[in-house]
Amino acid sequence: MATIEHTPRGNWNTKLGFILAAAGSAVGLGNIWRFPTVMADNGGAAFLFIYALLVLIIGYPVMVAEMSIGRRTEKNPVGAFKALTKNKLFIVAGFWCVLCGIVILSYYVIIAGWTISYFFEQIFHYAGWQEWAGWVADTDNGWLNAGVAILFMGRTISVILGGVSDGIERAVKLLMPLLVVIIVVLIVYVLFQPGAGVGLKEYLVPDFSAITPDLLLAAMGQAFFSLSLGMGALITYGSYLSKRENIPEAAGYVTGFDVGIAFLAGLLVMPTIYMAQAQGLVIFDEDGNLVAGAALIFQVLPELFHEMGGLIGLFFGATFFFLLSIAALTSSISLLEVPTSYAIDEHGIRRKSAALIIGGIITLISLVIAFDTSLIDTLDFIFSDVGLPLGGFVICIFLAYFWKTENARLELREGFADIDSHWFWPVWKIFIQYICPILIGLILVTTIWGIFR
Ligand code: PFF
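Counting restarts for each chain, with residues numbered from 1 along the sequence as it is written. In keeping with the predicted nature of the model, local features appear solely for residues at pLDDT of at least 70, side-chain atom pairs appear and are counted solely at 80 or more, and the whole-chain, interface and lining totals rest on all residues. Each side-chain value is worked out from all heavy atoms of the structure, with water and hydrogens disregarded.

**Student:** Outline the overall build of the protein, listing residues and values.
**Tutor:** Numbering goes from the N terminus for both helices and strands, where a helix is a DSSP run of H or I of at least four residues and a strand is a run of E of at least two. Within the protein, the secondary structure is distributed over 17 helices and zero strands. With the radius of gyration taken over C-alpha atoms, the globule rule is written as 2.2 Å times the number of residues to the power 0.38. Against the compact-globule benchmark of 22 Å for 453 residues, the protein has a radius of gyration of 21 Å, which places it among compact chains. Overall, the protein is about 65 × 50 × 45 Å in size when its C-alpha atoms are taken along their principal axes. To sort residues, take the accessible area from a 1.4 Å probe on protein chains only and compare it with the maximum for the residue type: under 20% means buried, over 50% means exposed, and anything in between is partly exposed. A buried classification covers 60% of the 453 residues belonging to the protein. Partitioning the contacts of the protein with sequence separation of at least 6, the portion at a separation of at least 24 is 84%. Accessible surface is estimated by sampling points in the Shrake-Rupley manner with a 1.4 Å probe; for residues, cover comes only from the protein chains shown. Here the protein has roughly 17,800 Å² of accessible surface; of this, 67% comes from carbon and sulfur atoms. Within this scheme the basic residues Lys and Arg register as positive and the acidic residues Asp and Glu register as negative, but His and the chain ends are omitted. Charge positions come from single atoms, namely NZ of Lys, CZ of Arg, CG of Asp or CD of Glu. Treating the 23 positive side-chain charges of the protein as one cloud and the 33 negative ones as another, the clouds have centres 17 Å apart. By definition in these notes, contact holds between two residues if any of their heavy atoms fall within 4.5 Å.

**Student:** With reference to specific residues and values, describe the site of the ligand.
**Tutor:** One heavy atom within 4 Å of a molecule or strand makes the whole residue count as near it. For the ligand, the set of nearby residues contains 15 residues, the closest of which are Ala-26, Gly-30, Tyr-108, Phe-225 and Ser-228. Interatomic distance of 2.8 Å between a backbone N/O atom of Gly-30 and an oxygen atom of the ligand. The separation between a nitrogen atom of the ligand and a polar main-chain atom of Ser-226 is 3.1 Å. Contact with the protein chains hides 100% of the accessible area of the ligand, taken as 340 Å² for the molecule alone. The method works on a 1 Å grid over the protein atoms by themselves. A cavity is a set of points holding a 1.4 Å probe that cannot get out, a pocket is an open set with protein on both sides within 12 Å along at least five of seven lines, and residues with an atom within 4 Å of a point line them. Assignment of a molecule to a cavity or pocket requires that more than half of its atoms lie within 2 Å of the corresponding grid points. At a threshold of 2 Å from the grid points, most atoms of the ligand map onto the largest cavity. Of all the elements in the fold, those that place two or more residues in the shell around the ligand are helix H1 (15-26), helix H2 (29-41), helix H10 (213-226) and helix H14 (310-347). Grouping the constituent residues of the shell around the ligand by class yields seven nonpolar, eight polar and no charged. The term polar contact refers here to a pair of N or O atoms within 3.5 Å; inside protein, the definition further demands a hydrogen-donor-capable atom paired with an acceptor-capable atom, and it admits residues adjacent in sequence only when both atoms are side-chain atoms. Gly falls in the polar group here, along with every residue not listed as nonpolar (Ala, Val, Leu, Ile, Met, Phe, Trp, Tyr, Cys, Pro) or charged (Asp, Glu, Lys, Arg).

**Student:** How would you summarise empty space enclosed by the protein if you had to cite specific residues and measurements?
**Tutor:** Grid points are joined across faces, edges and corners, and a volume is the space filled by probe spheres set on the points. Counting across every chain of the model gives one cavity of 30 Å³ or more. What the largest cavity holds in volume is close to 130 Å³. Lining the largest cavity are 15 residues; nearest its centre among them are Ser-25, Ile-104, Phe-225, Ser-228 and Leu-335. For the lining of the largest cavity, the elements supplying multiple residues, two or more each, are H1, helix H5 (89-127) and H14. Looking at the lining of the largest cavity, the element that brings in the most residues is H14, giving three residues.

**Student:** I'd love a proper account of helix H4 (residues 77-84), names of residues and values included.
**Tutor:** Burial runs high along H4: seven of the eight residues are buried. All buried positions along H4 are accounted for by Pro-77, Val-78, Gly-79, Ala-80, Phe-81, Ala-83 and Leu-84. Those residues of H4 that are buried are in contact with helix H3 (45-73), H5, helix H11 (233-238), H14 and helix H16 (375-413). Two or three places before Val-78, at the opening of H4, Asn-76 has a side-chain oxygen 2.9 Å from that residue's backbone nitrogen.

**Student:** How would you sum up H3? Please name residues and give values.
**Tutor:** Taking 1.5 Å per residue, 29 residues should reach 42 Å; H3 reaches 40 Å between its end C-alpha atoms and fits that length. Downstream of H3 by one or two residues, Glu-74 has phi in the positive range, about 55°. One fewer than the residue count of a helix, multiplied by 1.5 Å, yields its expected span.

**Student:** Requested: an account of the packing of H3 against H10, with residues and values cited.
**Tutor:** For the pair H3 and H10, interaxial distance at closest approach is 8 Å and the crossing angle is 50°. Relative to H10, the element H3 lies oblique. Classified by chirality, the crossing of H10 by H3 is right-handed. Residues Ala-46, Phe-47, Ile-50, Tyr-51, Leu-54, Val-55, Ile-58 and Val-62 of H3 lie in contact with H10, whose contacting residues are Leu-215, Leu-216, Ala-218, Ala-219, Met-220, Gln-222, Ala-223, Phe-224 and Ser-226. For the contact of H3 with H10, the class distribution of residues is 15 nonpolar, two polar and no charged. Lines fitted to C-alpha atoms define the axes, with helix axes restricted to the stretch in contact, and inter-axis angles between N-to-C directions lie between 0 and 180 degrees. Orientation labels follow simple angle bins: below 35 degrees gives roughly parallel, above 145 gives roughly antiparallel, 65 to 115 gives roughly perpendicular, and whatever is left gives oblique. A clockwise turn of the near helix away from the far one marks a right-handed crossing, whereas an anticlockwise turn of less than a right angle marks a left-handed crossing.

**Student:** Describe the layout of surface pockets, listing the residues and the values that go with them.
**Tutor:** As a volume, the largest pocket reaches approximately 470 Å³. Taken together, 18 residues form the lining of the largest pocket, with Val-38, Asp-41, Asn-42, Asp-377 and Asp-385 sitting closest to its centre. Listing elements by their share of the lining of the largest pocket, those giving two or more residues are H2, H10, H16 and helix H17 (424-452). By residue number, the principal contributor to the lining of the largest pocket is H2, which donates five residues. Looking at the lining of the largest pocket, its residues break down into eight nonpolar, four polar and six charged.

**Student:** Can you tell me about unusual backbone geometry, naming the residues and giving the values?
**Tutor:** Non-glycine residue Ser-228 carries a positive phi angle of around 60°. On the secondary structure map, Ser-228 appears in the loop between H10 and H11. Exposure remark for Ser-228: the relative accessible area of 10% places this residue in the buried category. Positive phi, close to 85°, is recorded for Lys-404, a residue that is not glycine. Within the secondary structure layout, Lys-404 lies in helix H16. On the basis of relative accessibility, which here comes to 44%, the residue Lys-404 falls in the partly exposed class.

Here it is, written out as C-alpha cells:
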C-alpha cells in the first residue's frame, strides 16, 4: 500500500463529536427547504418512497466510502485521490468536488439568508409593522438578499477560521433536538387545520404512476444533497476522525438522523401547503408546477405561524427560523471546509487566509445570485442533482477499482474489529463495486439522454 504523508490535523473531541458534526453537515436546508420543495414538485409520496430507497441503497454505502477514504488519507478530496492513485483523472474529479462545494455554497447562503429575513418577518408581523414585515419577506429584493447572504457567509467564515470542531458539536447537541421538538409540536397543530388531511394523503399514499426518470434523478440528487455526499465533505470530515471509531456505525447514525428529520419536515410542510391552499394561497399553477419555486417554504410556513397568531405564533415562528438558520450554518461550514482544506493541504495556505479568500470568492458569486434568484434552480440542478451523484459515482469507482476494497477493509477494520465475520462487509462490497455505480450511472444517463433528445 502506498505510504501517505500526513500533516498534523485536529481531531473531533469525542466519539459523539464526529457523529454530531457529520449530522450537523447533513441536517440543514436540504431537509427542511429542499426536501419538501422537491417532493411537492415531484408527486409527493412516490418521491418519498424512491428517496428512502435510494438513501438506503446508494446514500449509506457511499457515506461509508467517503468516511473511510477521508480517514485513511487525512486529506481533502483532491489530496485524498492524489494520495491513493497516480491516475490523473481522479485529480480532475477532486477539483470537481471542490467546485461543487463553492457553487452549492454560493446559492445555499441565499436560502440561509432568507431564514434570517423571516426570523425578522415574524417579529415585525407580531409588532404590527406590516410594511416592514412585507419588505423583509420579499425574496425578490436583490439588496436584501445580498445583505442577509453576506451576514450568513460572514458567520460561516468566522467558524471556519477557528477550525471545524469548535462550536459545531455544541450547536448540534443542543439546538438540533430543540428543532425536532418544535417541528413535532407544529405537526400536531397543523394536522388539525382544514385542508391538512389532503396534504397528509399526498405525502403518505404513493401513486406509483408518478415515477418518471425525472423523479428518479430528483430523488437521487436529494439523497446526495441531504446526506452531504458526492463532493467530499465527508472525506474532509472523515480526515479528522480518530482510528478508534466504527465508521459503518457512525454513518448509520448520521443517515438515520438525517432521514428522520427530513421525514418530519415533510410531515409538517406537505399538510401546511394544502392548508395554505385551502386558505386561498396559490401554490400550484394550472400545469401543477410550484408557483413560488425555491421560496415555497418561506411562503407557506410563515402563513402557518400567522395562523397560530399572538405570542404563540411569534414564539414558534421566530424560534423555528432561528433554529433553521443554525442548522443551515452547521451545513454551510462543511461546504466551505472542503475548498478551504484543499487550499490548506495542497497549497500550504494558512487557514485564516484560505477561509477569507475562498469565502470572499463565494460571497461574490452569491451576490450575482442574490439579484437573480432564478439561477438557484439551474445551479441546483447542475451541481446538486447531477454534480453530486456524478461525484458519488467516481468515489465508488475509485474505491472499488483503484484504491481497492481490500484496502478499504483494512481501514474499516480500525474501530470495527470483527468486520471480517460481519454481514456488513460482503454486502457493502457488492454495493460499492456494482450496485451503486450501476444505479447512479443508469439514472444519470437516462435523464441526461432525456434532456438532450
Ligand atoms: N446536507 C446539507 C443540507 O441538507 O442542507 C447540504 C450540503 C452540505 C450538501 C454539505 C453537500 C455538502 F457537501
